[in-house]
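Topology and contacts: notes
So the chains spell out like this:
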Amino acid sequence: MQTNGRPVRRVAALVSAALLFTASLANVADANPRMLVDVNTLQVIEHEDAFQRWYPASLTKLMTAYTVFRAIKAGEMSLESPVIMTKNAAAEPPSKMYFKPGQKMTLDSALKIILVKSANDVAVAIAESIGGSEQGFVDRMNAEAARIGMSSSHFINPHGLPGKGQYTTARDLAVLAVTLKREFPQYSSYFALEGFTTGKKQYPNYNMLIGRFDGADGMKTGFICASGFNQVSSATRNGRAVVSVVLGSESLGARADISAGMLEKGLTMRAAKVPTLGQLRPYGETRNEVADISQEICSKHAAKVRSEGRDEAGRQKLLSPYIHEVNRPLKLVFAGLMSSDTATPAGNDEVASRDMGDAVNIPIPIPRPAF
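Not measured: the values here are computed from a predicted model.

Turning next to the nonpolar core. Residues Met35, Val68, Phe69, Ile113, Val122, Ile126 and Val232 are the most contacted members of the largest nonpolar core, which totals 96 residues. Those residues in contact with Val122, other than ones at most four positions away along the chain, are Met85, Met97, Phe99, Met105, Ala110, Ile113 and Ile114.

What follows is the structure in structure tokens.
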């Protein structure tokens, strides 16, 4: 027998809590993290959901690169130091180069490969060569992230494949991008490459602004189902430098169009009375939950929409008026195995040709949101 209506109130409270939790998850899925920052003044020109935790995907490799540059600065490595492909590294899922255990490349080539091709096997090989082990390097990544003020980021690997405990925010990625540009300008060319060649195969950059947006000079793209199509971009024009962060876009073309619009705004408009990166305070009710937009990004409907966004030649349609065609051969640099090794492992050409880099829809585990 019910007394004082307590069981009824308890059920009502549970139902209310469940509805609030469902609404919270919906708000996380609807997040659209963006950030636009002036590199010189640190002014935050534009921001949206900047503190919402997000799976970083291959944008993680920006943190990998920063950790490498710090190791070089400390005298631990040089750009000519060998990076050896181990059995552990070679076992990583695509995107990858399919190099065999024991094969070597210079750190210079390895950096070009992870920043253009987004190769996960090479990222792990770098980590092991510098950190002694993959985990040792990841510990250094997290220490460096904390040191420069990435207050809501944590990494569990050097490549960005998703898992519990791997997250970042648009604000933290902006901090990282600005720090890279300000602390290590001597390495800026790594982020502006149009592509590389191993001597046998050519790999174009998946950043569709490089060579196509006036002043574009970086930085990195990334994709997994859980976080959508992401891009950190940078551009310099007339002495002004800006960085944009776009997370959770629906396609390669969308992230490029949005990034181009933000960069153009940052390069042509003067911001007045806006906070700096250091002054921007955390906001957003769901910011401590890691968004997972797999259902929106990797559904059959989304795939159909993306296919309709390509022309008859299969090229991504770009709508931004600030992006123009490249009517010349891409400027490629060499990045491959050291001369004593084979540039492309025999028998793997067919597999490598199917590997579409950070835009490939591969069957990787889709994690639940990590808290």
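Here the focus is the environment of Cys298. If you trace the backbone, Cys298 turns up in the loop between helix H9 (294-297) and helix H10 (300-308). Separated by 48 residues in sequence, Cys298 and Glu250 have C-alpha atoms that sit 9.4 Å apart.

Using the criterion set out here, one finds 1 disulfide in the structure. The disulfide that involves Cys225 links it to Cys298, with 2.0 Å between the sulfurs. Of note, the bridge from Cys225 to Cys298 carries an S-S torsion of about -90 degrees and is left-handed in sense. Highlighted residues: Cys225 in the loop between strand S7 (216-224) and strand S8 (228-237) and Cys298 in the loop between H9 and H10, separated in sequence by 73 residues. Under the relative-accessibility criterion, Cys225 is labelled buried at 8%.

Below, the discussion takes up the environment of Ala71. Residue position: Ala71 is located in helix H2 (residues 60-73). The buried category is assigned to Ala71, whose relative accessible area is 0%. Between the C-alpha atom of Ala71 and that of Ile130, which follows or precedes it by 59 residues, the distance is 7.5 Å. For Ala71, the contacting residues outside a window of four places in its chain are Glu76, Met77, Ile130 and Arg140.

Turning our attention to helix H6 (residues 134-147). Compared with an ideal rise of 1.5 Å per residue, which puts 14 residues at 20 Å, H6 spans 20 Å between its outermost C-alpha atoms and is within 8% of the ideal. When we look at burial in H6, the residues that qualify are Glu134, Phe137, Val138, Met141, Asn142, Glu144 and Ala145. End-on view of H6: buried residues confined to an arc of 160 degrees, all on one side of the axis. The inward-facing, buried residues of H6 contact H2, helix H3 (87-90) and helix H5 (120-131). Backbone geometry just downstream of H6 places Gly149 in the positive-phi region, at approximately 95 degrees.

What follows is about the sheet that holds S8. Strand order in the open sheet formed by 5 strands is S2-S1-S9-S8-S7, and the pairing between neighbours is antiparallel. Among the strands making up the open sheet, the edge pair consists of strand S2 (44-48) and S7. Between one strand axis and the next, the sheet turns by 5 degrees as a mean value, whatever way the strands run. Direction of pairing for strand S1 (residues 34-38) relative to strand S9 (residues 240-249): antiparallel, over a ladder of 5 bridges. Considered in S9, the bridge of Met35 is made with Val245.

Criteria and cut-off values
Residues numbered from 1 in each chain as written. Predicted model: local features only at pLDDT ≥ 70, side-chain atom pairs only at ≥ 80, totals over all residues. Heavy atoms only, no water. Core = buried A, V, L, I, M, F, W, Y, C linked by side-chain atoms within 4.5 Å. Buried < 20%, exposed > 50% of the residue type's maximum accessible area, 1.4 Å probe, protein only. Contact = heavy atoms within 4.5 Å. Helix = DSSP H or I, 4+ residues; strand = E, 2+ residues; numbered from the N terminus. Disulfide = S-S within 2.5 Å. Expected span 1.5 Å × (residues − 1). Arc of directions from axis to C-beta. Pairing = 2+ DSSP bridges. Axes fitted to C-alpha atoms, helices over the stretch in contact; angles between N-to-C directions.

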